[in-house]
Amino acid sequence: MNGNTLVYGLAGDYEENKEWIASHFHVTGYCDQDESRLPAMGAVRKEELRDRLGEFDLVLVTADPVSIVEDLVAEFDVPEEKIRVLFHEIAAQETSLRSFYSENAEDAVIALLCHELAMSIKGLTYLEVGTNDPIRFNNTYSLYRAGARGLLVDPLPAVGRLAAMARPGDRFLHAAV
């Protein structure tokens, strides 16, 4: 189990994964844009965040990592090494390469196509335009896990930071297509 963890984002994804979070992290603090979600114990209001970050070894982002991770780094000077993203952590725990991550099973279709054409996914190169989160609802993450590598393209610079954290073997291009 990790050291003291601040959970950032207490809405749907946190609620759905609360038990998993509790079994993998030592949660001692909670922060959310909507202060009405903050529990009495461990509440950290956003305006207190900079002053209280020293209390936590990790910040677990459970909502909208594309914007929140960038805010944590740029606005609050949180080192990337202290930041974890919920769905990146869950994906790292999964052992089966038969897990698929895209929203509409595009990655499953590509895997099936490779299998039918007797092509190895390992060594495959891809170009993903419009990456957004590099794991959750991502069309190429299962290919990445199976050994393929490629170029991720997105107009949001924050996506590049997330890609570097979650997929160091891929290259990122900050561009709009």
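For clarity, every value in this text was computed on a predicted model and none was experimentally measured. (Residues numbered from 1 in each chain as written. Predicted model: local features only at pLDDT ≥ 70, side-chain atom pairs only at ≥ 80, totals over all residues. Heavy atoms only, no water.)

**Examining the nonpolar core**
For soluble globular proteins, the rule of thumb is that nonpolar side chains tend to be buried together. Among the nonpolar cores identified, the biggest contains 21 residues, and Leu-6, Tyr-8, Leu-49, Val-59, Leu-72, Val-78 and Ile-83 are the most heavily contacted of them. For this core, the elements supplying multiple residues, two or more each, are strand S1 (4-8), strand S3 (58-61), helix H4 (65-74), strand S4 (83-85) and helix H8 (157-166). Ranked by residues supplied to this core, first place goes to H4 with five residues. Membership of the second largest hydrophobic core comes to 15 residues, among which are Tyr-101, Leu-143, Tyr-144 and Ala-163. (Core = buried A, V, L, I, M, F, W, Y, C linked by side-chain atoms within 4.5 Å. Buried < 20%, exposed > 50% of the residue type's maximum accessible area, 1.4 Å probe, protein only. Helix = DSSP H or I, 4+ residues; strand = E, 2+ residues; numbered from the N terminus.)

**Looking at the packing of aromatic side chains**
The geometry of an aromatic ring pair comes down to the distance between the two centres and the angle between the two planes. Taken as a whole, this structure holds four aromatic pairs when the rule is applied. Centre to centre, the rings of Tyr-14 and Tyr-30 are 6.3 Å apart; their planes meet at 75°, and the pair counts as edge-to-face. With a gap of 16 residues between them, Tyr-14 in helix H1 (residues 12-16) and Tyr-30 in strand S2 (residues 26-31) connect regions that are remote in the sequence. Assessed through its relative accessible area of 9%, Tyr-14 is described here as buried. For Tyr-30, a relative accessible area of 18% translates into the label buried. Centre to centre, the rings of Tyr-101 and Tyr-141 are 4.7 Å apart; their planes meet at 80°, and the pair counts as edge-to-face. Of the two residues, Tyr-101 sits in the loop between helix H5 (86-93) and helix H6 (106-116) while Tyr-141 sits in helix H7 (residues 141-145), which places them 40 residues apart along the sequence. In this structure Tyr-141 comes out as buried when scored by relative accessible area, which is 7%. (Phe/Tyr/Trp six-rings, centres within 6.5 Å; stacked < 30°, edge-to-face > 60°.)

**Let's talk about the sheet that holds strand S6 (residues 149-154)**
Taking strand neighbours across the sheet as the criterion, the three strands line up as S5-S6-S7 in an open arrangement whose pairing is parallel. With one partner strand each, in any of the chains shown, strand S5 (125-129) and strand S7 (171-174) form the two edges of the open sheet. In this sheet, neighbouring strand axes are inclined to one another by 15° on average, regardless of whether the strands run parallel or antiparallel. Bridge analysis of S6 against S7 gives four bridges, and the strand direction is parallel. Its bridge partner being in S7, Leu-151 is matched across the sheet by Arg-171. With respect to the sheet, H8 is in contact with S6 and S7, its orientation differing from that of S7 by roughly 175°. (Pairing = 2+ DSSP bridges. Axes fitted to C-alpha atoms, helices over the stretch in contact; angles between N-to-C directions. Contact = heavy atoms within 4.5 Å.)

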